[in-house]
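Report on the structure
Here's the letter readout for the chains.
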Amino acid sequence: MAVCPLCNGLHEVEKYCRTCHILLNDEGKVSDYLDPYGHYNDEETIKMGDGYPYTTANEICPHLLTCNECGYDQVIFIQQQ
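Notes on the overall build of the protein
On a plain count of helices and strands, the protein comes out with one helix and three strands. Mapped in sequence order, the helices and strands of the protein form the string β-α-β-β. Across the 81 residues that make up the protein, the buried fraction comes to 35%. Taking the intrachain contacts of the protein between residues at least 6 apart in sequence as the baseline, contacts between residues at least 24 apart amount to 48%.

In structure tokens form, the structure reads like this:
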């Protein structure tokens, strides 16, 4: 079973805000914001409802990045390993 290197602390993301050019914060998986009880479900069930139809088949974990300065946010897709 593949794991997300960001969720498991194996890597850190280094992306910068388009507006402020400061380092964006990794706020975690997008699915954590969709269902307050989602963390009780298994990973495959969560991915089926995350709004991205290819995350399960391609073993991708969508993460939310935000800027503390201007509020800019961006979703990035992390390949699980």
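Here's the deal with a nonpolar patch on the surface
Among the surface-exposed residues, Tyr54, Val75 and Phe77 lie close enough to one another that they form a single nonpolar patch of about 230 Å² accessible area. In this fold, valine 75 is placed in strand E3 (residues 73–79). Looking at valine 75, the relative accessible area reads 30%, which means it is partly exposed.

Some points on the packing of aromatic side chains
What describes a pair of aromatic rings is the distance from one ring centre to the other and the angle between the planes of the rings. For the structure on display, the rule yields two aromatic pairs. Seen in terms of ring centroids, tyrosine 52 and phenylalanine 77 are 5.0 Å apart; in terms of plane orientation they differ by 85°. Their pairing is edge-to-face. Of this pair, tyrosine 52 sits in the loop between helix H1 (43–48) and strand E2 (60–66) while phenylalanine 77 sits in strand E3, and the two are 25 residues apart along the sequence. For tyrosine 52, a relative accessible area of 23% puts it in the partly exposed group. When its relative accessible area of 36% is taken as the criterion, phenylalanine 77 is described as partly exposed. By way of ring pairs, the aromatic residues Tyr52, Tyr54 and Phe77 are connected into one cluster.

Description of the nonpolar core
In globular proteins that are soluble, nonpolar side chains generally tend to be buried together. The biggest cluster of nonpolar side chains holds eleven residues, and these are Cys4, Leu6, Val13, Cys17, Leu24, Cys61, Leu65, Cys67, Tyr72, Ile76 and Ile78. Residues contacting isoleucine 78, with those up to four places away along its chain left out, are Cys4, Pro5, Leu6, Glu59, Ile60, Cys61 and His63.

A short note on unusual backbone geometry
For residues other than glycine, phi is negative in most cases, and the peptide bonds are mostly trans. The phi dihedral of histidine 21 is positive, around 65°, even though this residue is not glycine. You can see histidine 21 is positioned in the segment before strand E1 (25–29). Not every positive phi belongs to a glycine, and glutamate 59 is a case in point at roughly 50°. Along the polypeptide, glutamate 59 turns up in the loop between H1 and E2.

Cut-offs used in this document
Residues numbered from 1 in each chain as written. Predicted model: local features only at pLDDT ≥ 70, side-chain atom pairs only at ≥ 80, totals over all residues. Heavy atoms only, no water. Helix = DSSP H or I, 4+ residues; strand = E, 2+ residues; numbered from the N terminus. Buried < 20%, exposed > 50% of the residue type's maximum accessible area, 1.4 Å probe, protein only. Contact = heavy atoms within 4.5 Å. Patch = residues over 30% accessible without salt bridge, like charges linked within 9 Å, V, L, I, M, F, W, Y side chains within 5 Å. Areas by Shrake-Rupley, 256 points an atom, 1.4 Å probe, with all protein chains shown as cover. Salt bridge = Lys/Arg side-chain N within 4 Å of Asp/Glu carboxyl O. Phe/Tyr/Trp six-rings, centres within 6.5 Å; stacked < 30°, edge-to-face > 60°. Core = buried A, V, L, I, M, F, W, Y, C linked by side-chain atoms within 4.5 Å.

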